[in-house]
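# Per-entry structural report
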Amino acid sequence: MRTSSARTARAAVASALAVVIVLSVSGCSSDDAPQDEISVEPLPAAQSPVTSVTPAGTVTEFAPVNALTFDPVTRTLVALTDGSTTVSLLRDGDPADTRVIDLGSTAASLVAGRDSTVLIPMDGSVARLDVADGNRTDLDVDSNALSAADLPDGTTAVGDDTGKVRVFGADGQVVTTVSGGSVTSADALASTPDGVSVLDRRQTSVTDLDLDNGTLGVALRAGEGAAEMTSDEYGRLLVTDSTGTELLVFTSHDLLMRQRFPVGSQPWAVAYDEQSGVVWVTLPAVNEVAGYTLDTGIPVEVDRFATVRQPDSVTVDADTGDLYVGSATGDGLQRIPAAAR
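Before going into details, it helps to say that this report is about the structure given with it. Since the structure is predicted, the reported quantities are computational estimates derived from the model, not experimental observations. (Residues numbered from 1 in each chain as written. Predicted model: local features only at pLDDT ≥ 70, side-chain atom pairs only at ≥ 80, totals over all residues. Heavy atoms only, no water.)

### Regarding the nonpolar core
The condition that has to hold: Working definition of a nonpolar core: buried Ala, Val, Leu, Ile, Met, Phe, Trp, Tyr and Cys residues. They are joined through side-chain atoms within 4.5 Å. The classification of residues rests on relative accessible area computed with a 1.4 Å probe and restricted to protein chains. Under 20% of the type maximum is buried, over 50% is exposed, and intermediate values are partly exposed. Comment: elements are numbered from the N terminus, with helices defined as DSSP H or I runs of at least four residues and strands as E runs of at least two. Throughout, a contact is declared for two residues whenever any of their heavy atoms are within 4.5 Å.
Trp280, Val289, Phe305, Val314, Leu323 and Ile336 are the most contacted members of the largest nonpolar core, which has 16 residues in total. Elements that contribute at least two residues to this core include exactly strand E21 (278-283), strand E24 (311-316) and strand E25 (323-327). Those residues within four positions of isoleucine 336 in sequence are excluded, and the remaining contacts are Ala56, Gly57, Val289, Phe305, Asp322, Leu323 and Arg341. Core analysis: the next-biggest nonpolar cluster, separate from the first, contains 15 residues, Ala67, Ile101, Leu103 and Leu129 among them.

Encoded structure:
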């Protein structure tokens, strides 16, 4: 059991560490790259051992899963499958009711878009897939697209492997381009009420984008080896640092690192449950998924479950709170009901 004094001490240490990091990299922009700028070769998720504990919930035989998201409107679980070459649509998350769509290319990621669609960045395009009927439209992109995000004004931001971020209007034309500076690879984008931020895995950094002026804003180091990023309804950026084995929490307004917490393994996929306020992080090195609350000033672990082998993806059903974990080695699709937690 954690005592209140122990929590206070940990919170103080976390705050101090956050201040040190902010001071060491604050003031960085497209014209002022970090003096301690680094470049690392992004690593894949930690290799999982053969499972030795029965996974929680239920596990159904399924294709290898590389990414997951859930659309609550159509009650559809969307999975990037088969080496990121297909998308599987599961009604109510039921593998027995699955529609598989061949992408004809290899996707870099899978993200939820507006109006029950998903965005699928690929080399030369971003596919928008309607999860209700499986219809697809492609946005032509003159680069290798790695990330995408729908913005509140109806435009779509697309990041590529050179660090360039383009914003496309509804007509498919580029309306804004942000490039240069310290961003070398736009691996993930997050749109929050405070703006748009980009995760660069090569620089293991998070950078604000000033889309009005087409420039980069403040940049902060994101641990030792940033892996994945998502955001929550408060505009916080949630980043897994796989090399540094930490969960990092940034504010997107006046970019600051507010929280950091060691998770005891090499975290990878991250998802946020708005109903419970819990951040879920997969730990492939130990075949586990852990949940943390953020409302005490420092992440506090509230749940931990055994998973399928190689849990490289996770998502939450926003209506029920059910948790889905996908195995990248084809060891099944796992569902952990909220009622079991």
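### Things to note about the pattern of salt bridges
This is how it is decided: In what follows, salt bridge is the name for a side-chain nitrogen of Lys or Arg lying within 4 Å of a carboxyl oxygen of Asp or Glu.
Applying the stated criterion across every chain, the model contains 12 salt bridges. Through salt bridges with shared partners, a single ionic network connects Arg75, Asp92, Asp317 and Asp319.

### Quick word on the sheet that holds strand E23 (residues 300-306)
Note the cut-off: Any two strands with at least two DSSP bridges between them are considered paired. Structural elements are reduced to axes, namely lines fitted to C-alpha atoms, with helices fitted over the stretch in contact, and the angle between N-to-C directions of any two is expressed from 0 to 180 degrees.
One open sheet holds the four strands; their spatial order is E20-E21-E22-E23, and the pairing between them is antiparallel. Edge positions in the sheet fall to strand E20 (270-273) and E23, since each of these pairs with one other strand and no more. Each adjacent strand pair in this sheet contributes to an overall mean axis angle of 25°, direction not counted. Where E21 meets strand E22 (residues 288-293), six bridges bridge the pair, whose relative direction is antiparallel.

### Focus: the pairing of strand E11 (residues 174-178)
Working note: regular strand, side chains alternate between the two faces of the sheet. Bridge count between strand E10 (residues 165-168) and E11: four bridges; the pairing is antiparallel. Residue phenylalanine 168 lies in a different strand from E11, and its bridge partner there is valine 174. Counting the residues that bridge the hairpin from E10 to E11 gives five residues, and of these glycine 172 lies at a positive phi of roughly 85°.

### Focus on unusual backbone geometry
Although it is not a glycine, serine 84 sits at a positive phi angle of roughly 65°. Examined against the element boundaries, serine 84 turns out to sit in the loop between strand E3 (76-81) and strand E4 (86-91). Using a relative accessible area of 9% as the deciding quantity, one classes serine 84 as buried. Residues other than glycine seldom take positive phi values, yet threonine 245 does so here, at roughly 55°. Structurally, the position occupied by threonine 245 is in the loop between strand E17 (236-241) and strand E18 (246-251).

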